[in-house]
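What the coordinates show
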Amino acid sequence: MYFNVAVIGGGPAGMAAALAAEKKGCSVVVFERDKRLGGILNQCIHNGFGLHYFKEELTGPEYAARFAERVKNAPGITVYDEAMVLSVTPERTVTALSPYAGLITVEAGATVLAMGCRERTAGAIALTGTRPVGIYTAGTAQRLINVDGYSVGKEAVILGSGDIGLIMARRMTFEGVRVKLVLELMPYSSGLKRNIVQCLDDFEIPILYGHTITRVEGAERLRRIYYAEVGEDIRPKPETEKYVDCDTLLLSVGLIPENDLINGIGIKMNPLTSGAVADEYRQTSVPGIFAAGNVLHVHDLVDNVSAEAELAGSAAADYAKGVLSHGEACAVKVGAGVRYTVPQTVYRGTGKVDVYFRTDGVYKNKTLKAESGGETVFSKHRLILTPGEMERIEIDKSKLKDSLTLRLE
Amino acid sequence: MEKYDVIIIGGGVVGAAVIDRLAKYELRCLLLEAGSDVAYGSSRANSGIIHAGYDAETGTLKARFNREGNRALWNIARELDVPHIKTGSLVVGTAEQLPMLQKLKARGDLNGVVTEIIGRAEILKKERNVADGIEYALYAQEAGVISPYKLTIGYADRAVTNGAVIKLNSAVTAVFGRRGNFRVHCADGAQYAADTVVNAAGAGAAEINRIAGAEPLTVTYQKGEYYVLDQTERKNISTIIFPLPNEFGKGILAAPTADGNVIYGPTAEPTVNGDTSVDAGGLDKIKKQLAVTYKTPDYRKSIRLYAGLRTICGMDFVIEQSKLKDGFSYLAGICSPGLTSAPAIAEYVVNELVAPFKALVPKKNCVTVMPKHKRLKELTAAEIKERVRADEAWGRVICRCESVTEAEIVAAIRSPLSAVTVDAVKRRVRAGMGRCQGGFCMPRVLEILARETGVPETEITKCGKGTEIVFPRG
């Protein structure tokens with residue numbers, strides 16, 4: 001089977017990419033491993049989605065449904081649900097497995113990776129102590145509660161202050177769970193400020209920054225966690241150890257782009273994002289393979305995912321039709337205070353290009369500067385910048401020289 | 001009351017190997033396991049090494065059974081379809097440590113184990129990531145790795161197929177009577193009669209001897225902590241890398257697992273009350289000691305920590321007929337190389353400890369080779385197509401990290417020793433063993449278990465009573 005564009009993943013990124021490619025007249029196939037389109041949005045029953053994209057506040061399933069409806073009505077898009085992609089080659093042969101269609105092999109003019117991300121686990125952070133039941137990653141608990149309709153415990157502690165953990169603090173409070181404490185290793189939250197306010201402060205749930213769990217206790221079920229303040233070296237200070245009794249521990253300690261599918265096919269990866277290195281069009285180092293959404297870098301707002309995926313889907317369509325062209329490449333470099341940028345390459349030309357980035361710490365009263373060829377092409381004063389909030393700047397492509405450097409001054 | 005010829009207490013690798021062997025004879029056999037699955041104790045949490053046998057003190061049971069077990073295990077692993085790899089092993093040392101390696105080789109010679117001492121150039125051909133200071137190694141080609149819990153499960157499945165009975169969640173609380181007239185009581189109130197009883201209770205062996213009125217056993221426990229690494233680390237290691245053994249055991253190793261991961265460990269810390277928690281201090285020891293032998297450890301690729309229990313009862317394995325309790329025998333202190341030794345121990349137990357009481361009449365039509373369960377990853381495109389046509393569950397991938405389909409999970413639930421917990425499914429088919437550690441697949445495994453067993457999801461456990469995963473709302 002041949003499609004102009006194959007999209008791997010039917011979450012927000014995959015749906016937006018497919019729609020954008022179809023709009024350009026392409027035949028598109030979407031492989032979704034779950035029973036329905038929407039990805040993790042389907043378990044995010046809280047509101048706060050769509051403020052930028054739809055200019056109104058929606059729940060996750062509502063946001064997903066709007067896209068899913070469009071996908072369903074797009075004549076050029078074929079969706080395989082419950083279809084797990086087993087392999088993708090640099091030549092864009094995609095093999096998937098479905099209970100209904102069996103083994104599906106598709107040749108594609110372009111491919112968009114939109115597999116999303118997964119949660120870091122207790123093993124990944126080397127959580128010490130016993131190994132009882134009652135320790136869930138925040139997203140797994142979210143699914144068990146919101147989709148499957150169960151409860152997971154009575155008294156909870158949350159390690160990490162990623163957005164899902166914060167959302168789950170509120171969600172579990174609504175469900176009658178006593179959320180006793182949130183612990184964050186860093187001196188700041190990796191989640192959105194609005195979630196700290198709306199999910200913790202409003203419910204008087206305490207958060208301790210610069211603290212981590214030292215060990216967990218409990219034979220069958222979790223019974224107690226010990227925690228301590230961390231020093232400059234981010235290691236716990238034993239003399240500050242305390243404990244709190246709980247039967248549930250949620251981990252919200254980071255998300256990792258789920259790129260295992262493309263391991264070993266020669267796509268250059270960025271160790272800072274754990275996603276592919278991508279250009280302005282979200283094209284990876286392997287021509288014709290694009291990536292968008294959380295598989296490229298972890299976003300905090302789905303609205304940004306949709307926008308990024310539209311860009312990728314549209315460019316993938318152009319690539320498939322042989323009309324993707326661009327000016328001279330200009331590498332995006334990180335300077336003081338900037339952890340990473342996406343994209344990592346922009347092109348000289350006309351119009352504007354958005355560059356997204358995260359800072360490497362909390363900064364107050366700083367000027368954000370972008371320079372190219374020794375000249376400042378963007379400058380803006382900011383009262384506060386935090387790693388938990390992705391930043392975006394708009395660059396005039398005609399001003400680009402050999403490289404573009406972002407820094408805080 | 002159910003009446004058996006032989007009751008085996010304990011479903012670790014030794015107990016399972018014993019009942020598998022006994023099931024080949026015209027005997028009614030029962031295995032009682034306290035946990036929610038076989039391989040619930042030390043047999044699920046060890047290094048999974050098939051030791052060559054140079055390490056054990058010459059003349060001991062350890063030396064004998066290690067050698068015999070090593071010879072038998074490769075074939076048994078094939079019969080039972082247990083993942084295993086003959087990787088070979090290296091005990092590595094600096095130039096100054098050469099005499100100690102030579103001493104180890106001499107012991108291997110006495111034990112009848114083929115080894116050779118090789119220099120750095122030869123080492124690098126076998127293992128390019130040994131640490132820089134390493135100049136010599138004792139290479140044993142007969143060493144390898146095996147999935148220890150899959151071996152135990154394989155033995156159990158074959159035993160059940162051949163007519164033996166295995167009862168899980170059956171902690172033994174009392175053993176009354178004597179030869180020809182034993183009565184064994186379990187915590188759930190069940191009672192079983194038997195002519196002879198074998199105590200293979202592992203860490204619980206001393207307690208079983210005590211309640212049975214057999215010889216008192218003095219045992220101590222050590223825990224061994226490990227890191228499990230993502231499969232992406234497998235490319236960095238091809239053999240087992242041991243340091244020189246010391247008084248605490250074989251030291252911190254780096255090794256591939258038979259399923260394609262990598263492990264670093266174990267520590268050797270005294271422990272009590274069956275505590276197998278992992279300590280930050282233990283992890284620091286692993287990091288410190290592994291740096292001496294292995295060049296490319298990557299702790300950021302950790303996907304899981306675990307610790308296992310060693311039960312130590314003197315210097316050697318203890319395998320005895322009780323003198324105080326006629327018809328009762330016991331095994332204690334089956335620590336390393338217990339896994340490798342299991343087939344040889346089982347043969348010894350059957351021939352020396354059971355045969356005196358029971359005539360061994362071979363059963364007709366015994367199953368020797370168990371059906372091979374190919375994983376999705378091992379199937380060709382044509383095979384996949386054929387299977388999905390016959391059963392759509394072969395096309396439904398449940399565990400994405402390990403590519404496990406619904407069909408494989410259902411098969412595990414319907415296997416001879418049925419998997420009825422999330423952990424039992426995980427050990428049989430690897431759903432939840434990958435880098436997301438069940439984050440995505442666990443809710444779906446719960447759903448499949450509930451559907452297949454007719455038990456509500458709120459009653460499905462991770463690994464037995466008290467480990468329910470979800471609760472009714474409200």
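Residues numbered from 1 in each chain as written. Chains lettered and ligands numbered in written order. Predicted model: local features only at pLDDT ≥ 70, side-chain atom pairs only at ≥ 80, totals over all residues. Heavy atoms only, no water.

1. So, the environment of Arg396 of chain B
Rule in force here: Only DSSP runs of H or I reaching four residues or more are called helices, and only runs of E reaching two or more are called strands; each is numbered from the N terminus. Any two residues whose heavy atoms approach within 4.5 Å at even a single point are treated as in contact.
Following the sequence through the fold, Arg396 of chain B ends up in the loop between helix H9 (381–390) and strand E21 (397–399). Spatially, the C-alpha atom of Arg396 of chain B lies 54 Å from that of Ala95 of chain B, the residues being 301 residues apart in sequence. If sequence neighbours within four positions are ignored, Arg396 of chain B has contacts with Glu82, Pro99 and Tyr100 of chain A together with Val404, Thr405, Glu406 and Arg444 of chain B.

2. Section: unusual backbone geometry
With an omega of 0 degrees, the peptide bond between Val342 of chain A and Pro343 of chain A qualifies as cis. Along the polypeptide, Pro343 of chain A turns up in the loop between strand E23 (338–342) and strand E24 (345–347). A cis amide bond links Ser336 of chain B with the next residue in sequence, Pro337 of chain B, at an omega value of 5 degrees. Assignment of secondary structure puts Pro337 of chain B in the loop between strand E20 (328–332) and helix H8 (338–354). Despite not being glycine, Arg92 of chain A shows a phi value in the positive range, around 70 degrees. Along the chain, the position of Arg92 of chain A falls in the loop between strand E6 (84–88) and strand E7 (93–98).

3. Points about the side chain of Thr239 of chain B
Residues and elements named next belong to chain B. The line we're drawing: Exposure classes here rest on a 1.4 Å probe applied to the protein chains alone. A residue is buried below 20% of its type maximum, exposed above 50%, and partly exposed in between. Pairs of N or O atoms are called polar contacts if they sit within 3.5 Å, as long as, within protein, a hydrogen donor faces a hydrogen acceptor (for residues adjacent in sequence, only side-chain-to-side-chain pairs).
Along the chain, Thr239 falls in the loop between strand E13 (220–229) and strand E14 (240–242). For Thr239, a relative accessible area of 3% puts it in the buried group. Within polar-contact distance, the side chain of Thr239 engages the side chain of Glu127 at 2.7 Å. Those residues in contact with Thr239 that lie beyond four places of it in its chain are Thr87, Gly88, Leu90, Lys126, Glu127, Ala254, Ala255 and Pro256.

4. Things to note about the interface of chain A and chain B
Threshold: Accessible area, probed at 1.4 Å, shrinks when two parts are joined; the buried area is that loss added up over both. Salt bridge, as applied in this entry: a Lys or Arg side-chain nitrogen positioned within 4 Å of an Asp or Glu carboxyl oxygen.
At the junction of the two partners, chain A supplies 44 residues and chain B supplies 48 residues. When chain A packs against chain B, close to 3,700 Å² is buried across both sides, 57% of that on carbon and sulfur atoms. Among the residues of chain A in contact with chain B, Leu103, Arg131 and Tyr150 of chain A are the three that bury the most area, contributing 17% of the side total. On inspection of chain A and its partner chain B, the count reaches 7 salt bridges.

5. Quick word on the sheet that holds strand E26 (residues 363–372) of chain A
Residue and element names in this part refer to chain A. What counts is decided by this rule: Pairing between two strands is assigned when DSSP locates at least 2 bridges connecting them. Axes here refer to lines fitted to C-alpha atoms; in helices the fit is confined to the stretch in contact. Angles between the N-to-C directions go from 0 to 180 degrees.
Reading across from one edge, E24-E22-E29-E26-E27 is the order of the 5 strands in this open sheet, with mixed pairing throughout. The open sheet terminates on both sides in strands that have one partner only, identified here as E24 and strand E27 (375–385). For this sheet, the mean inter-axis angle between neighbouring strands, taken without regard to orientation, is 20 degrees. Sheet analysis places strand E22 (residues 329–334) next to E24, joined by 3 bridges and oriented antiparallel. The residue bridging Ala331 from the neighbouring strand is Thr345, located in E24.

6. Section: the domain arrangement of chain B
All names here are of chain B. Heads up, the condition is: Domains are outlined according to an automatic or database domain assignment. Only Asp, Glu, Lys and Arg are considered charged in this grouping, and only Ala, Val, Leu, Ile, Met, Phe, Trp, Tyr, Cys and Pro are considered nonpolar; every other residue, Gly among them, is considered polar.
In terms of domains, chain B is made up of domain 1 (2–43 + 149–218 + 315–354), domain 2 (89–141 + 220–312) and domain 3 (376–459). The distance between the C-alpha centroids of domain 1 and domain 3 comes to 30 Å. On the domain 3 side, the residues contacting the 12 residues of domain 1 number 9 residues. For the pair domain 1 and domain 3, the summed buried area comes to about 930 Å², and 59% of that belongs to carbon and sulfur atoms. A per-residue breakdown of the area domain 1 buries against domain 3 is headed by Asp37, Tyr149 and Asp157, which together make up 44% of the total. Remark: the boundary between domain 1 and domain 3 carries 1 salt bridge. Summed over the shared surface of domain 1 and domain 3, the result is 3 residue pairs in polar contact (both at pLDDT 80 or more). Considering each element in turn, the side of domain 1 that touches domain 3 owes the most residues, 7 residues, to helix H5 (residues 148–161). Among the residues forming the side of domain 1 that touches domain 3, the class breakdown is 7 nonpolar, 2 polar and 3 charged.

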